[in-house]
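Next come the chains, spelled out residue by residue.
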Amino acid sequence: MHGAFTDASSWARVISLLHAAGSTARAPANPLRGLTHDAAYIKNVVRDIDVPVVLVGHGYGGAVITHAAADADNVVALCYVAAFGLDAGECILDITSRFPPMPVADATFTAGLPAQLPGGPDSELYISEERFPQVYAADLPPHVMNVMSVTQRPIAHSALTSRSGPPAWASKPSWYAIATADRMLNPTAQRFMAQRMAATEYLLDGSHAVVLSQPDAVVAMIREAAEQGTGRGDGGELGQPF
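Because the structure is predicted, anything quoted here is derived from the model rather than measured. (Residues numbered from 1 in each chain as written. Predicted model: local features only at pLDDT ≥ 70, side-chain atom pairs only at ≥ 80, totals over all residues. Heavy atoms only, no water.)

Peer 1: What exactly am I supposed to notice about the overall build of the chain here?
Peer 2: Each helix and strand in the chain was counted, giving nine helices and seven strands. Overall, the C-alpha framework of the chain stretches about 50 × 40 × 30 Å when taken along its three principal axes. Counting all 242 residues of the chain, 55% fall into the buried class. Looking at the chain alone, contacts between residues at least 24 apart form 70% of all its contacts between residues at least 6 apart. Total accessible area on the chain stands at roughly 9,900 Å², and carbon and sulfur atoms take up 55% of it. (Helix = DSSP H or I, 4+ residues; strand = E, 2+ residues; numbered from the N terminus. Buried < 20%, exposed > 50% of the residue type's maximum accessible area, 1.4 Å probe, protein only. Contact = heavy atoms within 4.5 Å. Areas by Shrake-Rupley, 256 points an atom, 1.4 Å probe, with all protein chains shown as cover.)

Rendered as structure tokens:
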């Protein structure tokens, strides 16, 4: 499950490596409209999969899988990649305000929506195109960073204050890839959340876009979670929606 400011294509390299290793994978689009709405969507995706599932979340996508998978019996493990693993009653801003601010704090701007849908958000959050490469994807080639900056998907501002339900990580084994050069989500906050959920930790020297910059390491973590979550040694027939 991708996070804010990007889309499911951010998982392309990870998916290619998983397919090459004989694993199945799905990367549904995260609506980025709010935690309750987005979690309900991923619940429906998981419900239609008839094999054990490893749920993987990046950034805000971690909050979505945490909220969505608590009562999903076919989810056998959770993987967080520089992601929010919220506790019950917690929101994104509770985490970001608990630790020193990151460069993204002064690189974002809010845009109002010209036409309102009933029950929809009234504003969305973007990263400025000029600052996007520096704060989100500093370890990617310039042409990739530039494309990402102009194709970013905004997140509803209200998603930052949506409260999580009982966390799935309290009852399911978890893995966490900490991006040590992240300028979006404080690495200290990542370590705090990883330790709180008693996750198996992977330390990756990469930016918030570590899914793209270090896909091999992310795949290694996912396959380890798959093997231990199912008791299999081959990481094969396993659904892995991101």
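The structure having been displayed, the exposition proceeds.
Peer 1: What is the right way to look at the sheet that holds strand β3 (residues 108-112) in this model?
Peer 2: Consider a sheet: its strands pair through backbone hydrogen bonds, and that pairing is either parallel or antiparallel. Taken together, the three strands give an open sheet; going across it, the order is β3-β4-β5, and neighbouring strands pair in antiparallel fashion. What marks the edges here is a single partner per strand, and that holds for β3 and β5 (155-156). In the sheet, strand β4 (residues 123-127) pairs with β5 via two bridges, with the strands oriented antiparallel. Counted as the bridge partner of E124 is A156 from β5. (Pairing = 2+ DSSP bridges.)

Peer 1: Any chance you could explain the sheet that holds strand β7 (residues 200-204) here in plain terms?
Peer 2: Within the open sheet, the four strands sit side by side as β1-β2-β6-β7. Their pairing is parallel. The outermost strands of the open sheet, each flanked by one partner alone, are β1 (53-58) and β7. Geometrically, the sheet is characterised by an average inter-axis angle of 15° between neighbouring strands, direction not taken into account. Of the pairings in the sheet, the one linking β1 to strand β2 (residues 75-81) comprises six bridges and is parallel in character. In the sheet register, V53 faces β2, and the bridge partner there is V75. Packing against the sheet, helix α3 (residues 60-68) makes contact with β1 and β2, and its axis sits at approximately 145° to β1. The sheet contacts of helix α9 (residues 215-230) involve β1, β2, β6 (174-179) and β7, and relative to β2 the element is tilted by about 160°. (Axes fitted to C-alpha atoms, helices over the stretch in contact; angles between N-to-C directions.)

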